[in-house]
Each structure stands twice: as structure tokens, then as C-alpha cells.
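Structural features, examined
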Amino acid sequence: MVDFPKGIKRLWNLWNIRGILLISLSLQTVLTLFAPLRSRTNRGFPTSLIWSAYFIADWAPVFAVGLISNDSDRTTDSDKAELLAFWTPFLLLHLGGPDTITAFSLEDNELWLRHLIGLFIQIAVALYIFVQTVPGNEVWMPTTFIFLAGIIKYHERTLALLHSSLDNLRDSMIKDQVPASQYYQVYGSEGKVPEILHTPAVVPLQSNEQFKATQADLPPTPLSNHEVVRHAYNFVNVFKGLIVDLIIPSRQFKKSRKFICERAEEDTLRLLEVELHFIYQVLYTKVQIIRSIRGVIYRLISFCAIVAAFASFHFRVNKNNFHKVDAKITYTLLWGAVVQDIISLFKAVFSDWTVASFRGRSANILSRFFDLRKPKWRECETEHFVRRKVLATPVIFRRWSGYVSGYSLIRYCLKARSQRIHKVQSRLQLLISGVTQTCPIREVIKGTKISFYKVFHIFRLEKVINLFINLYRLEDSVDEMLYKSREPLSLELWQFILRELKSKAMQAKDRKIATKMNSARGGWVLQDRAHLLPYVEDVSFEESLLMWHVATDLCYHADLQNQMQQFDYDHLNFSQRNPHCLMQQGWQRCCKILGDIDGR
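Now for a description of the structure that goes with this document. (Residues numbered from 1 in each chain as written. Predicted model: local features only at pLDDT ≥ 70, side-chain atom pairs only at ≥ 80, totals over all residues. Heavy atoms only, no water.)

**Thoughts on a nonpolar patch on the surface**
- Residues Leu345, Phe346, Val349, Phe350 and Phe369 make up a contiguous nonpolar surface patch of about 500 Å² in total accessible area.
- Along the polypeptide, Leu345 turns up in helix H15 (residues 324-349). (Patch = residues over 30% accessible without salt bridge, like charges linked within 9 Å, V, L, I, M, F, W, Y side chains within 5 Å. Areas by Shrake-Rupley, 256 points an atom, 1.4 Å probe, with all protein chains shown as cover. Salt bridge = Lys/Arg side-chain N within 4 Å of Asp/Glu carboxyl O. Helix = DSSP H or I, 4+ residues; strand = E, 2+ residues; numbered from the N terminus.)

This is the structure:
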């Protein structure tokens, strides 16, 4: 048995509960302030910070409740027991978590039943600790108020997880169904009528005349901030059914297609980023609860209870009976609860949901604050000296990161690290680069030949790390970190993609043509190369997807090599290249490689 020094034991006995309480409050503050950055940046450090705070925030209050329960049974000081009973409901508040994050992944939403059972257990433990101090508890009134607020907060999180679970989300949308008699009007006379036909039915079915009148009333481009948010809100209520594999009415689909085809590329991008932001908040935050009437009532009661507890403790409780440090920690917990509720209220008022729900002059005034969130672009240079426009909106005002992920199977097979195409530097990197441009230590660092791989090899850490990875089966996670690339979505690439989608949408006016286009696996690109079509049509979808991936990668590098040989870099313009010609060349190279592999 290890015998720790008496100083360490005394420090632990003095600060174990106090320290865990402050750590729990700090984690709630970190999640309140930084959790929204998860959807706005692709940087590893903020994501790791949020991930760590999210998981430790669930562990710290439970651990603190256990310490308080154990200490309250052994203590003979009534004042200390009363204060411990007052601290326990704050841990219920912390378990409820902030409004900015309730789940880190979709699987977390499915654990709502576990949180419901945890709610009952924590309430029972808190009541047990509180009952031990009755009667004669001078802090019973603020304890009761915080206990009420804690139950409401934890209940809000459990409800948010329940409503965000995929099964419940699907069931809630099934309530609005298309009647069987209207099925043929919406989907045509072909096919069998399903038993349950899902549809969000946010926008009611309309006649042709009503549909044309609605289309005629669409606002002209460019869209204002309020119009972007309002239309995104309407569309997300329709198309969020795709998340849970529900059927979207063809009339709603045609309406959205016509709307998108009449918009400029940048307006469409603004619309999509607001839609994605809405969906993210539905799945990972408390927005579905706090935006409802029930949620507003809950929030009003909990905030009033916290303020009443603060006033009761400050004016009615004699703080001289407590240790000065304990009194300061109690005030810190109270102030933390009040400030977090005020921040949540501020975020709720200045949110896209509020703009979407308002109409008229009030919405226009509120939407002016969202000018800072409008996408801003700046030019950057690629590795091939081509100028591209990438998103330059400050991270704090973005709705998404502006980056897309890529994965090259060829690089993975060759064990080659991913290579950045765009030379994008953040403002902080530009500042540091400018400061250290003339710093002598810069040359010293550049002149060193020591790398992390050599350090690992010298200290034999590589074998230990590989053993750890294989033991816990982390190969996929490590491969993702090593070989997944993140590139900014350039404005030119987005314009090219949207133009192609619009052209396909205009061609798909007929039902048969639309069905043929939806079932195609890239065959339209290879119409002039009939001998290549079996590689696409006579294989499974997964195989054709992998083949197109390899063909695109080969095509990209072959095109770069040809351009380097024939043109000067200053005159390159990849956006004007014929994509169909490039894809055919890539497929020829891909099929040649596949043929060589089959021959071997």
C-alpha cells in the first residue's frame, strides 16, 4: 500500500470537492463559449478541446456528487454539511450542460434513456444529501431554488437528446403524411402505393395555379440576409427528412429546384450553409427544446430560480459561518450560472432561428447584425500558381468551416502523406510569419535536421506507438489523420459544380429522363466511349464509385502534367477545361491499370 505524504493528503482532503466544482464550472464555460466553433472550423486543436471538455464535463459532476455524499456522511460540522448540500444542485445544472452542445456524435443522441436514468439517480442522491441537513438548514431556500433549476436543465438535455435521436426524428415527421388518395397526384400513377408515405408537409400541397403564383412571388437576386435565412428555414423543414431516409414530395422537390435554378451561385451557397447550420443545431444542440413554448417556460422558470437563489443567499444567509474560500466558491458558482443563462439568452436572440421566425421591420433590423456573417472571399494561390477565391469570413462569424475533406486511395496505397493544394494562411499565421521573418532563430530552426520521426526512432517510441494502435484497433483513425486532406471550397469550384447541377436539372424535366439520370453511374460522361461503359454499368455501385475515384485522381495528375508541359503557369485556367474530356482520359488510364492487374 502506497503511503502518500501528509501534505498531499491534507491538500486533497481540503481541495478535492472545491477543485472538482471549479473544474466542472470551467468546463461548462469552455463548452458555452467554444462549442459553436466545432461547426465553423476544421482545426484539430479546437475540436480536440471541445471533445475533451464534453466528455470530462459528464464525468466531473458525477465524481463530485460521490465526494460530497461521502464527505457529508462523515462530517460533524453542520455549517459545512449545509454548504455541501447547497453545492450539490449546481452539479445537476452542470450535468444539464450548455445550450451550445448536447451531443458530440449522432450515437450520443441514442443514449437519451441513459441520461433519463441518470437524472433520477442524481436527483435521489441530491435529495439524500439535502435531507440530512434538515431541520435547521439556513441555506434551504437557495438550495431549493438551485435544485429546481438543476432538474429543469438536466430535463432539457434529456429531451433534446430524445428529440434529436434519428428514430424520434423520423416518428415526429411521420405524423404529417400524404394521404393515399393524393399519392398519384404527387408521385404519378406508376408504382405501388406504400403503406406509410412519409413527408414533412411543411408547405401544403398546392394546385398548379397556386404553385405558379408562389413562384412568381419569389424575391429577386441578390437575396438579403433575412430572405436567405427565411428560405433556408423553409427548405430545411422539408429536406431534413433525407437524414432519416424519408420520402420528399415531388412537388416540393420541383419547387426547390426551380428556386435554386433562378439564384446566383453565391446566393445558393449562402442558402446551403444556413441550411447545414440549422441541421447541425437540430442534431447537436438544445435548439428544438429552447425554441418551443415549453422550452421558453422552462428557461424562464430556471433563470428566475437561479436569480432568486442568488438573492436569497446574498441577503438572507449569514456568510460568516462559512469559510471565506467556501463563500467565494459559492458566489463563483452562482455568478457562473447567471452568466451562462444570460449568454444563452443572447445567443438565442441573435440566432438564425429568431431571424427566420420574425417578419417585417423587426426582422430587417435584426438581420442587419448578420452582415458580419455574410460570406467574404479572398484570393489565394494554389501549389500550381493558380489564383482561387476561398472563404475569408472570420471564424467566429462563420456558419461552417469552408473546407471539404478528401481522401486519395492512391496516396494511401503508396503511404504518401496528403498534400495541400491551396496555400491558405490564417490571420494569426500571417502575423507570426511577418514577426518572425527577420528573427535569427528562424534560420536556426530551418537549419536543424532533427525530425519527430528520428526522435521516435532514437527512443524506440515508434514500436510502442504501433503496439498501442494495434491493441486498441486505431488504424482507421490514424489513417484518417495521416491521409485525409482538407481543402477550402473555392468559389470557382462551387460555381462549376452548381452550373453542372443546374444544367442537369434543366434536362431532367421529363420523368423518364430524370429516372435515367438518377440511376446513371457516370455513363453520361462516357457516351462517346461505349467500350468503357461495362466498367461502370456492369458492376456494383460501390465498385463503380471506387473506379471513378481512381479515374478522377489519375485524370487530375495527368492533366496537371500536360498543362505543365504545354503552358506557362501564369496562363493556366482549369475552370475552362472540358470535364467530360478529362474524365474520359482518366477512365482510359484507369481501365488500362485495371486490365494490367487482371492480367497478373
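**Description of the environment of Leu409**
- Tracing the chain through its elements places Leu409 in helix H18 (residues 409-413).
- By relative accessible area, which is 27% here, Leu409 ends up partly exposed.
- Leu409 sits 140 residues away from His549 along the chain, and the two C-alpha atoms are 8.0 Å apart.
- Discounting residues that sit within four places of it in the chain, Leu409 has contacts with Leu546 and His549. (Buried < 20%, exposed > 50% of the residue type's maximum accessible area, 1.4 Å probe, protein only. Contact = heavy atoms within 4.5 Å.)

**Comments concerning the nonpolar core**
- By size, the foremost hydrophobic cluster in this structure holds 53 residues, and its most contacted members are Phe86, Trp87, Ile146, Phe313 and Leu334.
- Here this core takes nine residues from helix H2 (residues 44-74), the largest share from any one element.
- Leave out the neighbours within four places in its chain, and Trp87 touches Ile17, Arg18, Leu21, Ile68, Asp326, Ile329, Thr330 and Leu333.
- In terms of nonpolar packing, the next biggest core, distinct from the first, is built from 28 residues, Ala232, Val238, Val287 and Val355 among them. (Core = buried A, V, L, I, M, F, W, Y, C linked by side-chain atoms within 4.5 Å.)

**Remarks on the layout of surface pockets**
- Looking at the second largest pocket, its volume works out to about 1100 Å³.
- Thr41, Asn42, Thr47, Lys484 and Arg486 are, among the 34 residues lining the second largest pocket, the residues nearest its centre.
- For the lining of the second largest pocket, a count of residues per class yields 13 nonpolar, 13 polar and eight charged. (1 Å grid on protein atoms, 1.4 Å probe; cavity = no way out; pocket = protein on both sides within 12 Å on 5 of 7 lines; lining within 4 Å. Points joined across faces, edges and corners; volume = space filled by probe spheres on them. Nonpolar A, V, L, I, M, F, W, Y, C, P; charged D, E, K, R; others polar.)

**A closer look at H2**
- In this model H2 runs 45 Å from its N-terminal to its C-terminal C-alpha over 31 residues, within 8% of the 45 Å that 1.5 Å per residue would give.
- At Ile56, H2 shows its maximal bend, which comes to roughly 25°. (Expected span 1.5 Å × (residues − 1). Bend = angle between axes of the 7 residues up to and from the residue.)

**So, the pattern of salt bridges**
- One pass over the structure, following the stated rule, counts 15 salt bridges.
- Note that Arg299 and Glu156 form a salt bridge whose closest N and O atoms lie 2.7 Å from each other. Taken together, the residues span a long stretch of sequence, with Arg299 in helix H14 (residues 293-316) and Glu156 in helix H6 (residues 140-164) at a distance of 143 residues. The exposure classification of Arg299 matches that of Glu156, with both residues buried.
- For Asp352, the salt bridge goes to Arg399, with nearest N and O atoms at 2.9 Å. In this pair, Asp352 sits in helix H16 (residues 352-357) while Arg399 sits in the loop between strand S2 (387-391) and strand S3 (403-407), placing the two residues 47 residues apart along the sequence. As far as the burial class goes, Asp352 and Arg399 line up, both buried.

**What about the packing of aromatic side chains?**
- Taken as a whole, this structure holds 19 aromatic pairs when the rule is applied.
- Between Phe86 and Phe90, the aromatic rings sit 5.3 Å apart at their centres with planes inclined by 70°, giving edge-to-face as the arrangement. Placement of both Phe86 and Phe90 in helix H3 (residues 78-96) is noted, with a separation of four residues, approximately one turn of the helix.
- Taking relative accessible area as the criterion, Phe86 reaches 0% and is therefore assigned buried.
- Between Tyr233 and Phe278, the ring centres sit 6.1 Å apart and the planes meet at 75°, which makes this aromatic pair edge-to-face. Taken together, the residues Tyr233 in helix H10 (residues 225-239) and Phe278 in helix H12 (residues 265-284) connect sequence positions 45 residues apart.
- Judged by relative accessible area, Phe278 falls into the buried class, the value being 0%.
- Within the aromatic cluster, the residues linked to one another by ring pairs are Phe86, Phe90, Phe310, Phe313, Tyr331 and Trp335.
- The residue whose ring lies beneath Arg18 is Trp15, and the NZ or CZ to ring-centre distance is 5.2 Å. (Phe/Tyr/Trp six-rings, centres within 6.5 Å; stacked < 30°, edge-to-face > 60°. Lys NZ or Arg CZ within 6 Å of the ring centre and 35° of its normal.)

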